[in-house]
Amino acid sequence: MKKKKTLLGLIAAIAIIVIGICVWYFQVKKPHDLAETKFNAAVKEVEAKNTELTSAMNDAQKILDKKEAVYDNTTKEAFITALSDAKAAQRKIPDLPKKTADINAETKKLSEPLDYSSVINAISEKQTAYQNSVLQMKQITNPNEDFVIQRLKGIPNISGYQAVTEDHDPNGNLNKQGGYTSTVYFSTPLIDQSSVYGNDIVDKGTECGGAIEVYASEEDAEKRDSYLASFDGAGMLNSGSHKVLGTIVIRTSTKLTATQQNKFTNNITNKLLELQ
């Protein structure tokens, strides 16, 4: 009888252990393993989308790292902001929690809809604007006279143009230190050309229409602009309107009205900046 009781006790103990193991496996281990599996699957999906966004951000950063000069600095600021916004929008992947409930909670967060298309499009849009601004700056940084002449063609009310040469340069500053690397004078039918002294457009100078003076650096262009500004409002010494664009000084004749001067300056500016 004693042996029988001992056997029954042993069987009961084993049964309790087995039940305990089953309870642990089905209510603890299996749910935990399933939670980990779902967590890891969610992580992989997020990682794949994050990789796409990271690739777009890295490509954009490489372009910014070149530190090229831009015509419009707001395009650079917008580009940097787009990258910052993308970084903030990128979903963070947490470490695997220890508790099953915490794992399920993080999995739920990771599994929420995730679409970076608008963020990536914003980077692309701002990148294009930035790169266009870089190209524009290159166009207005010490361009050659052929480029200037090509851009003057087709501008309303420009009837002719002529570039200075070392043998035909009224100011004698061509290619000299601090001087212009090229200057193209232009004429306009808005001015009575018979009222302007000179045998050709270069001889007549800015008075017959205007001029595009090109310098090696922005500093040289600014110095020239400051010099011309010293004659503003000086009657017969007034040299007409003047505006710095990159390393270029755009000038128009004092014989033109203020409205005509502004229109010429704007049209020339737009043509020099135009990406073709």
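Here, the structure is the one placed above.
All of these numbers come straight from a predicted model, not from anything done at the bench.

Asker: Got a minute to help me understand the nonpolar core in this structure?
Answerer: Soluble globular proteins tend to pack their nonpolar side chains together in the buried interior. Counting residues in hydrophobic clusters, the biggest one holds 35 residues, and the most contacted among them are Leu 152, Ile 212, Ile 268 and Leu 272. Breaking this core down by element, the ones donating at least two residues are helix 5 (145-152), strand 2 (180-187), helix 6 (201-204), strand 3 (209-215), helix 7 (218-229), strand 5 (248-252) and helix 8 (258-273). Ignoring any residue separated from it by four or fewer positions in sequence, one finds Ile 268 in contact with Leu 152, Ile 155, Phe 186, Ile 212 and Ile 250. Of all hydrophobic cores here, the second largest spans 25 residues; its members include Ala 42, Ala 60, Leu 110 and Leu 114.

Asker: Even after reading the chapter, I still don't get unusual backbone geometry, so can you show me in this structure?
Answerer: Leaving glycine out, the prevailing phi sign among residues is negative, and the prevailing peptide bond configuration is trans. Phi is positive for Lys 67, which is not a glycine, with a value near 55 degrees. One can find Lys 67 in the loop between helix 1 (2-65) and helix 2 (73-89). For Lys 67, a relative accessible area of 70% translates into the label exposed. Unlike most non-glycine residues, Asn 175 shows phi in positive territory, near 65 degrees. With respect to the helices, strands and loops of the structure, Asn 175 is situated in the loop between strand 1 (160-163) and strand 2.

Asker: In this structure, what is going on with the pairing of strand 4 (residues 241-245)? I would like to understand it.
Answerer: Look at any regular strand and the pattern is simple: side chains alternate between the two faces of the sheet. Bridge analysis of strand 4 against strand 5 gives 5 bridges, and the strand direction is antiparallel. Paired with Val 244 across the two strands is Val 249, which belongs to strand 5. Count of turn residues in the strand 4/strand 5 antiparallel hairpin: 2 residues, of which Gly 246 carries a positive phi of about 65 degrees.

Asker: Can you walk me through the sheet that holds strand 5 in this structure?
Answerer: Across a sheet, strands are paired by hydrogen bonds formed along the backbone, either parallel or antiparallel in direction. Taking strand neighbours across the sheet as the criterion, the 5 strands line up as 1-2-3-5-4 in an open arrangement whose pairing is antiparallel. Strands with a single pairing partner mark the edges of an open sheet, and in this sheet they are strand 1 and strand 4. Each adjacent strand pair in this sheet contributes to an overall mean axis angle of 15 degrees, direction not counted. As paired elements, strand 1 and strand 2 share 4 bridges and run antiparallel to each other.

Asker: I tried to follow the pairing of strand 2 on my own but got confused; where do I start?
Answerer: In terms of residue burial, strand 2 counts as a mostly covered element, since 7 of its 8 residues are buried. As judged from the 7 bridges shared by strand 2 and strand 3, these two strands associate in the antiparallel manner. Within the sheet, the bridge partner assigned to Phe 186 lies in strand 3 and is Gly 210.

About the thresholds
- Residues numbered from 1 in each chain as written.
- Predicted model: local features only at pLDDT ≥ 70, side-chain atom pairs only at ≥ 80, totals over all residues.
- Heavy atoms only, no water.
- Core = buried A, V, L, I, M, F, W, Y, C linked by side-chain atoms within 4.5 Å.
- Buried < 20%, exposed > 50% of the residue type's maximum accessible area, 1.4 Å probe, protein only.
- Helix = DSSP H or I, 4+ residues; strand = E, 2+ residues; numbered from the N terminus.
- Contact = heavy atoms within 4.5 Å.
- Pairing = 2+ DSSP bridges.
- Axes fitted to C-alpha atoms, helices over the stretch in contact; angles between N-to-C directions.

Keep in mind these values describe shape, not function.
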